[in-house]
Amino acid sequence: MNFEILYVPIGVPTFHLESAKKEFDRSCKLLKEIDEDVLIPSEMLLDTDTLNNFLNNKNPDLVIVQNITFANGAYISQVIKKFDCPILLWTLREPESVGGRLCLNSLTGAFSAGNMLNSFGRKFSYVLGSPLEESVKEKISSVIMAARLKKSLKSLNILQIGHTPQGFGFGRALDAEMMSVFGANLISVESRELIDTAKTYSLSDIEPYLNDAKNRINNLDKIDEKNVLDFARLYKAYDEYVKDNNIGALSSRCWPDFFTAFGTPVCAVLSIMNDLGVSSACEADTYGALSMYMAQYLTGKCVFFGDPVSINEKENSMTFWHCGMAPCSLARNDTGACAGLHCNRKIGPTLEFGCKPEKKVTIFRVGKKADGSFRFFISNGEALDKPQQYFGTSVVVKTKSNISDLVNKAVKGGWEPHFAVAMSDISNELEILADMLDIEVEKF
């Protein structure tokens, strides 16, 4: 997917152009380090005619507007009129001087641009600093990743398989909301459609899927053979539907249908789908799947999905768990991903393991308030080196904030009981994305 970034250094020629040129060259170098495909003008844009000539015939997904010197509101207004995409406003530091000439006056230009952007009702990101500062590089990189994710959402097909169980309505998504808020396309099918498709496969049809699963999951040979074969049939049905319909994320009903109507759980299928790059949530939690997709896009790693089930005040940690679904790649190295039986239904295969440690993780959720508006839950911590905590899959997260306060605030705030645990610190990118989407953020 093509992604176009436009660097727009605006200013006027009445300030110290030697200083401005030095910052322009440094800025170009930094931007090319971050993304070599960024579109950069051959010179500073020091009048509106030069600016408009550069903007013509461009179709950016992100515009980085930098006050290379002061520029009045007429400059940013040209950008606003031409492009409806995320904007990052970049202010340069004024060179130090005691009683000498004002060289750039970039900050006053930022106030002018910010005033105009607000007058037009445009959301924008902001950074102040030299192109030599690491914090500036980090902020620009985060904005670019958030803008890439925003564009990716517009081409996302998210699949909702079956309905949420009774009492789990928090995960049920509406196609209009998914499209209007996030830009994603929601596709809905009944779970029986995939079950009926799975039932048609012969042993030869599923052989490649069975072999693949055996390479990913230990102890499959200890599970009832019929259940293993039916799991492979489900794996093929899900995989082919995903490929045929260009699905990037999915939520799937699991209990009771797959136990009662098919006789085999879907847990292990969803686990493998995550490893194949398709963010997959169980219990038909579509906003959980969307949360996983965002986290996986930003980290490039598989995401844990589960319930918050217990806390340990002494180590300031919370255990996230689910009854048999997690990406095999997250399993501890000393155990690997193991097959087991569902803790309640006593039918397999499910996944059984604790997750390997990770120095930085982000707990994340796309949630909804009582009035129906969306919000982001964001909290940071560390995935501890802990074995499997209960039957099923688990990860223990030591949070940066006080765990008792976090739980008290989250429960009283009405947050949903499913969370994504991303294996990296992506809090900055998520906050920027929320601002781009005009969604409230609650940090814990």
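Small disclaimer: the values here were computed from a predicted structure and weren't measured. (Residues numbered from 1 in each chain as written. Predicted model: local features only at pLDDT ≥ 70, side-chain atom pairs only at ≥ 80, totals over all residues. Heavy atoms only, no water.)

Participant: Help me out: how do you make sense of the overall build of the protein in this one?
Facilitator: From N to C terminus, the protein includes 14 helices and 17 strands. Once the C-alpha set of the protein is aligned to its principal axes, its extents read approximately 80 × 50 × 40 Å. Within the protein, the fraction of its 444 residues that count as buried is 57%. Of the roughly 18,800 Å² of accessible surface on the protein, a fraction of 48% belongs to carbon and sulfur atoms. Of note, the protein has its 47 positive side-chain charges centred 2 Å away from the centre of its 55 negative side-chain charges. (Helix = DSSP H or I, 4+ residues; strand = E, 2+ residues; numbered from the N terminus. Buried < 20%, exposed > 50% of the residue type's maximum accessible area, 1.4 Å probe, protein only. Areas by Shrake-Rupley, 256 points an atom, 1.4 Å probe, with all protein chains shown as cover. Lys, Arg positive; Asp, Glu negative; His and termini not counted. Charge placed at Lys NZ, Arg CZ, Asp CG, Glu CD.)

Participant: So what exactly am I meant to see when it comes to the state of the cysteines here?
Facilitator: Covalent bonding between the sulfur atoms of two cysteines is what defines a disulfide. Counted according to the given criterion, the structure contains zero disulfides. Sulfur of Cys 103: no disulfide; nearest cysteine sulfur belongs to Cys 28 and is 19 Å away. Judged by its relative accessible area of 13%, Cys 103 falls in the buried class. Cys 323 provides the cysteine sulfur closest to Cys 267, a residue in no disulfide bond, and the two sulfurs are 5.4 Å apart. (Disulfide = S-S within 2.5 Å.)

Participant: What should I look at first to understand a nonpolar patch on the surface in this one?
Facilitator: A contiguous nonpolar patch, built from Leu 107, Phe 111, Tyr 126 and Leu 128 and spanning about 380 Å² of accessible area, is present on the exposed surface. Mapped onto the nonpolar patch, the elements with two or more residues apiece are helix H4 (106-119) and strand S4 (125-128). Structurally, Phe 111 can be placed in helix H4. We classify Phe 111 as exposed; its relative accessible area is 63%. (Patch = residues over 30% accessible without salt bridge, like charges linked within 9 Å, V, L, I, M, F, W, Y side chains within 5 Å. Salt bridge = Lys/Arg side-chain N within 4 Å of Asp/Glu carboxyl O.)

Participant: Looking at this model, I keep getting lost on helix H3 (residues 73-82). Mind explaining?
Facilitator: Every α-helix carries 3.6 residues per turn, so stepping three or four residues along brings you back to the same face. Of all ten residues that make up H3, seven are buried, and the element is covered over most of its length. The complete set of buried residues in H3 reads Gly 73, Tyr 75, Ile 76, Ser 77, Gln 78, Val 79 and Ile 80. Along its buried surface, H3 packs onto strand S1 (5-10), helix H2 (48-55), strand S2 (62-67), strand S3 (87-91) and H4. Two or three places before Ala 74, at the opening of H3, Asn 72 has a side-chain oxygen 2.9 Å from that residue's backbone nitrogen. (Contact = heavy atoms within 4.5 Å. Polar contact = N/O pair within 3.5 Å; in protein donor to acceptor, adjacent residues only side chain to side chain.)

Participant: What exactly am I supposed to notice about the pattern of salt bridges here?
Facilitator: Opposite charge on two side chains permits pairing when their charged atoms draw close. Considering all chains together, one arrives at 25 salt bridges under this definition. Two residues, Asp 35 and Arg 148, come together in a salt bridge whose shortest N-O distance is 2.6 Å. Of the two residues, Asp 35 is situated in the loop between helix H1 (17-34) and H2 and Arg 148 in helix H5 (residues 134-154); the sequence distance between them amounts to 113 residues. Accessibility expressed as a relative area gives 11% for Asp 35, which makes it buried. According to the relative accessible area criterion, Arg 148 is partly exposed, its value standing at 23%. Between Lys 301 and Glu 358 there is a salt bridge; the shortest N-O distance is 3.5 Å. One end of the pair, Lys 301, is in the loop between helix H12 (286-299) and strand S9 (304-312); the other, Glu 358, is in strand S13 (residues 358-368), and 57 residues separate them in sequence.

Participant: Whenever I open this one, helix H7 (residues 191-199) confuses me. Can you help?
Facilitator: Here H7 has its buried residues at Ser 191, Leu 194, Ile 195 and Ala 198. Across the axial projection of H7, the buried residues extend over an arc of 100°, all falling on one side. Where the residues of H7 are buried, they touch strand S5 (157-161), strand S6 (185-189), helix H9 (225-244) and helix H10 (257-260). (Arc of directions from axis to C-beta.)

Participant: Got a minute to help me understand the sheet that holds strand S7 (residues 249-252) in this structure?
Facilitator: The strands making up a sheet are joined through hydrogen bonds of the backbone, oriented either antiparallel or parallel. The parallel open sheet is built from four strands, whose spatial order is S6-S5-S7-S8. With one partner strand each, in any of the chains shown, S6 and strand S8 (279-281) form the two edges of the open sheet. Neighbour-to-neighbour, the strand axes of this sheet turn through a mean angle of 15°, independent of strand direction. By the bridge criterion, four bridges tie S5 to S7 in an arrangement that is parallel. If you follow Leu 159 over to S7, its bridge partner there is Leu 250. Seen against the sheet, H9 touches S5, S6 and S7 and runs at an angle of roughly 140° to S7. (Pairing = 2+ DSSP bridges. Axes fitted to C-alpha atoms, helices over the stretch in contact; angles between N-to-C directions.)

Participant: Whenever I open this one, the nonpolar core confuses me. Can you help?
Facilitator: One broad rule of soluble globular proteins: the nonpolar side chains tend to lie buried together. Ranked by internal contacts, the top residues of the largest apolar core, which has 128 residues, are Phe 182, Tyr 238, Leu 290, Met 294 and Phe 376. At ten residues, H9 tops the list of elements feeding residues into this core. In this structure Leu 290 touches Leu 153, Leu 156, Ile 158, Met 178, Phe 182 and Val 366, once residues within four positions along its chain are discounted. Counting 23 residues, the second-largest nonpolar core is a separate cluster that includes Val 12, Ala 71, Val 79 and Cys 85. (Core = buried A, V, L, I, M, F, W, Y, C linked by side-chain atoms within 4.5 Å.)

Honestly, that's just the spatial picture; any functional story needs more than this.
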